[in-house]
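In case you want the letters, here they are:
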Amino acid sequence: MTLRCIACQMLHHGSRVVVLDTKRISHPWAHGIDGVTYCRDVADIHDQLIALGQECRRRTHLADELGIDADPKAIGQRLLILLEEVNATMKMLARYWEKIRESGDPKTSPALDALYEILYMGRQLRMHVLLVAQSATARALGGPEVREQFSTRILARYSVNAWRMLAPEVHPAPKSTKHRGRAQVVSGGSARETQILFFTEAEAREWATTGKTVTDSSATVPVQLHKPPADTPPSTGELPPVSEPPTDEDRSADARNPATASGELAADATAPPATPAPAVVDEDQAVGLREAVEHHLPYTVDALRFARHKDPTFPRPAGKRGAELLYPPRRPQEVGLQPAPRRHRHHRPRLTPRDRRVGNPTHRPPIRTCPLSPT
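Residues numbered from 1 in each chain as written. Predicted model: local features only at pLDDT ≥ 70, side-chain atom pairs only at ≥ 80, totals over all residues. Heavy atoms only, no water.

### Concerning the overall build of the protein chain
What counts here: Numbering of helices and strands starts at the N terminus; helices are DSSP runs of H or I of at least 4 residues and strands are runs of E of at least 2. Two residues qualify as a contact provided that any one of their heavy atoms is within 4.5 Å of a heavy atom in the partner residue. Areas reported as accessible are Shrake-Rupley estimates using a 1.4 Å probe. Residue values count occlusion only from the protein chains shown.
Tallying secondary structure elements over the protein chain gives 14 helices and 9 strands in all. By sequence separation, contacts in the protein chain at least 24 residues apart represent 65% of the contacts at least 6 residues apart. Surface exposure of the protein chain reaches about 23900 Å², of which carbon and sulfur atoms provide 54%.

### Concerning unusual backbone geometry
To keep it simple, the criterion reads: Remark: exposure states derive from per-residue accessible area (1.4 Å probe, protein chains only) relative to the maximum for the residue type, with buried under 20%, exposed over 50%, and partly exposed in between.
Residue proline 172 follows histidine 171 across a cis peptide bond; omega there is 0 degrees. Positive phi is not limited to glycine here, since glutamate 85 has a value of about 45 degrees. The residue glutamate 85 is located in the loop between strand E3 (79-83) and helix H3 (86-100) in this model. Notably, arginine 157 is not glycine yet its phi reads approximately 50 degrees, a positive angle. Along the polypeptide, arginine 157 turns up in the loop between strand E5 (153-155) and helix H7 (160-166). Given the relative accessible area of 58%, arginine 157 is considered exposed.

### Concerning the pattern of salt bridges
We count it as follows: We count a salt bridge whenever a side-chain nitrogen from Lys or Arg sits within 4 Å of a carboxyl oxygen from Asp or Glu.
Scanning all chains against the criterion turns up 11 salt bridges. Overlapping salt bridges, with partners in common, bring together Arg24, Asp41, Asp44 and Arg305 in one network.

### Details of H3
Definition in use: One less than the number of residues in a helix, times 1.5 Å, gives the span that helix is expected to have. An arc is given here, and it is the one of the directions from the helix axis to the C-beta atoms.
Here H3 spans 21 Å end to end across 15 residues, near enough to the 21 Å set by a 1.5 Å rise per residue. Of all the residues in H3, the buried ones are Val86, Thr89, Met90, Leu93, Tyr96, Trp97 and Ile100. Along the axis of H3, the buried positions cluster into a sector of 130 degrees, meaning they face one direction only. With respect to the buried face of H3, the exposed residues turned more than 90 degrees away are Lys91, Arg95, Glu98 and Lys99.

### Quick notes on the side chain of arginine 4
Operational definition: What qualifies as a polar contact is a pair of N or O atoms within 3.5 Å, subject to a donor-acceptor requirement within protein and to the restriction that residues adjacent in sequence count only when both atoms come from side chains.
With respect to the helices and strands, the residue arginine 4 is situated in helix H1 (residues 2-12). For arginine 4, a relative accessible area of 14% puts it in the buried group. In this structure the side chain of arginine 4 is engaged in a polar contact, spanning 3.4 Å, whose partner is the side chain of glutamate 201.

### A word on the packing of H1 against helix H8 (residues 201-209)
Selection criterion: Between N-to-C directions, angles cover 0 to 180 degrees, with each direction set by a line fitted to C-alpha atoms, over the stretch in contact for helices. Should an angle fall under 35 degrees it is taken as roughly parallel, and over 145 as roughly antiparallel, whereas 65 to 115 is taken as roughly perpendicular and any remaining angle as oblique. Residue polarity is assigned by list, with Asp, Glu, Lys and Arg as charged and Ala, Val, Leu, Ile, Met, Phe, Trp, Tyr, Cys and Pro as nonpolar; anything else, Gly included, falls into the polar class.
Running from amino to carboxyl end, H1 crosses H8 at an angle of 25 degrees, the nearest separation of the two axes being 7 Å. With respect to each other, H1 and H8 are oriented roughly parallel. When H1 is examined against H8, the residues Arg4, Cys8, Gln9, Leu11 and His12 are found in contact with a partner set consisting of Glu201, Ala204, Trp207 and Ala208. Across the contact of H1 with H8, the residue classes break down as 5 nonpolar, 2 polar and 2 charged.

### Re the sheet that holds strand E2 (residues 36-39)
Put simply, the test is: We treat two strands as partners when DSSP finds at least two bridges between them.
Spatial strand order, E2-E1-E3-E4: 4 strands in an open sheet with parallel pairing. Strands with a single pairing partner mark the edges of an open sheet, and in this sheet they are E2 and strand E4 (127-131). Pairs of neighbouring strands in the sheet enclose a mean axial angle of 15 degrees, with direction left out of account. Strands in contact with H1 are strand E1 (16-20), E2, E3 and E4; relative to E3, the strand with the most contacts, it is inclined by about 160 degrees.

### Concerning the environment of arginine 123
Secondary-structure assignment places arginine 123 in the loop between helix H4 (110-121) and E4. A C-alpha to C-alpha distance of 9.6 Å links arginine 123 and arginine 78, two positions 45 residues apart in sequence. What arginine 123 contacts, discounting residues up to four positions off in sequence, is Ile118, His128 and Gln149.

### A word on the sheet that holds E5
Across the sheet, 3 strands lie side by side as E5-E6-E7; this open sheet has antiparallel pairing. This sheet does not close on itself; its edge strands, each paired only once, are E5 and strand E7 (190-195). Adjacent strand axes in the sheet meet at a mean angle of 30 degrees, parallel and antiparallel pairs treated alike. Relative to strand E6 (residues 182-187), E5 runs antiparallel, the two being bridged by 3 bridges. Bridge pairing in E6 places arginine 153 opposite valine 186.

### Thoughts on the nonpolar core
The condition that has to hold: In plain words, nonpolar cores are sets of buried Ala, Val, Leu, Ile, Met, Phe, Trp, Tyr and Cys residues tied together by side-chain atoms within 4.5 Å.
Counting residues in hydrophobic clusters, the biggest one holds 35 residues, and the most contacted among them are Leu20, Leu49, Leu52, Ile81, Ile118 and Trp163. Elements with a contribution of two residues or more to this core: E1, helix H2 (42-66), E3, H3, H4, E4 and H7. Top element by residues in this core is H4. It accounts for 6 residues. Every residue in contact with leucine 49, bar those within four places of it in the chain, is listed here: Leu20, Leu93, Ala111, Ala114 and Leu115. One finds Leu3, Leu11, Trp29 and Ala30 within the second-largest nonpolar core, a separate group that totals 19 residues.

### Observations concerning the side chain of serine 109
Along the polypeptide, serine 109 turns up in the loop between H3 and H4. Contact partners of serine 109, with chain neighbours within four places excluded, come to His46, Leu93 and Trp97.

### Concerning H1
Looking at H1, one finds that the buried residues are Leu3, Arg4, Cys5, Ala7, Cys8, Leu11 and His12. Residues of H1 that are buried sit in contact with E1, E2, E3, E4 and H8. Positive backbone phi, approximately 95 degrees, marks glycine 14, located one or two places after H1.

See below:
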């Protein structure tokens, strides 16, 4: 409820919002709103955080070029990042990186590095992070230095231990209440009891869509997770456009009407539809990973995402549709995905000679007794 209240007002005043929600249902009011990028899958959250890190570095260089007398708004729109269920999200990002990383890659996820970079430098660059956690421990967030970046902390229905952990400078701790929307806002060493404005889902959506119009950024480039080839121009690091990724219904509608999918208007939109024709798949039209799996390739979406990060021969994106990368359609024999290395199920580590002596009952070390004991 607190993030809904803040985010809808930021959208009303022309800001952009990126929702990173592994729970998928935290903010249904924000689906499909102009100016909102909604990421649900851990792979999409991973890529989006890397893109946000590139945007942070781009704004840093731009602010340096503009000088001290420049308007702060010249570096870009105010950007609000909603990171939901951080206790689960941080673990999922770490496990995802362990799954796709290869030898030579850093052990720490580049998505987490990008998040920390935004927390350290993003405020002056008009990039702000709102984080939700059931237990915001230093270990869950990435260390005490990461938790200290949150100068304002909003606590509701908190326990005594949670207060001592997040606001130890305020003593004695105010008594927690079950009053809906009542919270303690801790900032600058003091706590203020605050009543959060309650927006219903419909009210939040209406308020977010009736304010200033959010202007999309210019043409962008796909996110580069690894170093590009020598002949590839450097990335500008701009944030991908904020349109909502297409749903399964949108994809099926595009497949039934290719002209509408390409931006052409129908001759008579009010005329009743004729007998529905079977779905036609254009062999030359760029497709997303899910469409490639449904109509072209005998692979899973996870396998294609793994190959996109690991296989250097994977096709380069041919365009974008919202936040989804589009690729030229390929026949199965043209893709040639490299299988991921597998570990033997019954693989056992090799024992050293010392391990064999310790594990062998015939080579037990001698029993040492106290020299002062009678035995």
